[in-house]
Amino acid sequence: WSNSFSILDENEEIYEADVGGASSVHDRACELYQQIVGIAKITEQARKNQVDVSEQVYGGDQVRDKHRCRYYKPRYLRKTSGDLTKTTAHPNGIKNWSAANKVHLVGHSLGAQTIRYLQHLLRIGFFDDEHKGEDRSDWIASISC
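Parameters at a glance
Residues numbered from 1 in each chain as written. Predicted model: local features only at pLDDT ≥ 70, side-chain atom pairs only at ≥ 80, totals over all residues. Heavy atoms only, no water. Helix = DSSP H or I, 4+ residues; strand = E, 2+ residues; numbered from the N terminus. Areas by Shrake-Rupley, 256 points an atom, 1.4 Å probe, with all protein chains shown as cover. Salt bridge = Lys/Arg side-chain N within 4 Å of Asp/Glu carboxyl O. Buried < 20%, exposed > 50% of the residue type's maximum accessible area, 1.4 Å probe, protein only. Contact = heavy atoms within 4.5 Å. pLDDT = per-residue confidence, 0-100.

Caption draft 1: Highlighting the overall build of the chain. Of the regular secondary structure elements, the chain holds five helices and five strands. As displayed, the chain has an accessible area near 8,800 Å², and 47% of this comes from carbon and sulfur atoms.

Caption draft 2: Spatial organisation of the environment of glutamine 119. With respect to the helices and strands, the residue glutamine 119 is situated in helix H5 (residues 110-123). Between the C-alpha atoms of glutamine 119 and isoleucine 143, which are 24 residues apart in sequence, the distance is 9.3 Å.

Caption draft 3: Region of interest: the pattern of salt bridges. Taken as a whole and assessed by the stated rule, the structure comprises one salt bridge. Glutamate 16 is the partner of arginine 78 in a salt bridge, and the nearest nitrogen-oxygen pair spans 2.7 Å. With a gap of 62 residues between them, arginine 78 in strand E2 (residues 77-81) and glutamate 16 in strand E1 (residues 13-16) connect regions that are remote in the sequence. On the basis of relative accessibility, which here comes to 31%, the residue arginine 78 falls in the partly exposed class.

Caption draft 4: Quick look at the environment of glutamine 62. Within the secondary structure, glutamine 62 sits in helix H4 (residues 60-66). Residues glutamine 62 and aspartate 27, 35 residues apart in the sequence, show an inter-C-alpha distance of 8.7 Å. Apart from the residues within four sequence positions on either side, glutamine 62 is in contact with Ser24, His26, Asp27 and His67.

Caption draft 5: Molecular detail of the confidence of the model for the chain. Per-residue pLDDT for the chain has a mean of 83; in total, 83% of the residues score no lower than 70. When pLDDT is averaged over each helix and strand of the chain, the minimum, 72, is found for strand E3 (residues 87-90) and the maximum, 95, for H5.

Caption draft 6: Spotlight on unusual backbone geometry. Unusually for a residue other than glycine, glutamine 50 sits at a positive phi of about 55°. Position of glutamine 50 relative to the elements: it lies in the loop between helix H2 (39-49) and helix H3 (53-58). In this structure, serine 109 is a non-glycine residue whose phi angle is positive, near 60°. Take serine 109: it is sitting in the loop between strand E4 (103-106) and H5. What makes serine 109 exposed here is its relative accessible area of 55%.

Have a look at this one:
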């Protein structure tokens, strides 16, 4: 992948997600979503909805039915800029992610199913935020697996 960075111009950025290696596809997709929107926004939504952060990320039914504990370890995107000299933790997610500011997602192995499942969750309006119930699958510009 390092050769891919050489085609970036100064204004382009690559973010690398970190999802649970032994997690279910559902949990991995939810963790990817949390990283794209940022942990601060997820925490704010959890406070507003009066739920634990784990319930905000994975969904209340998933936590109650599948998880043994409610602890959630926030994960952050790692960002690489066009100059390739810096890779930094990026806890605030991708700024202004929307239908007008789409993301390109690249996955390998189980990452492919994770990305496709994230697209499904966006399509059915799964995430409990200001867009709950809306089809946001078009916020993904492309999926490469």
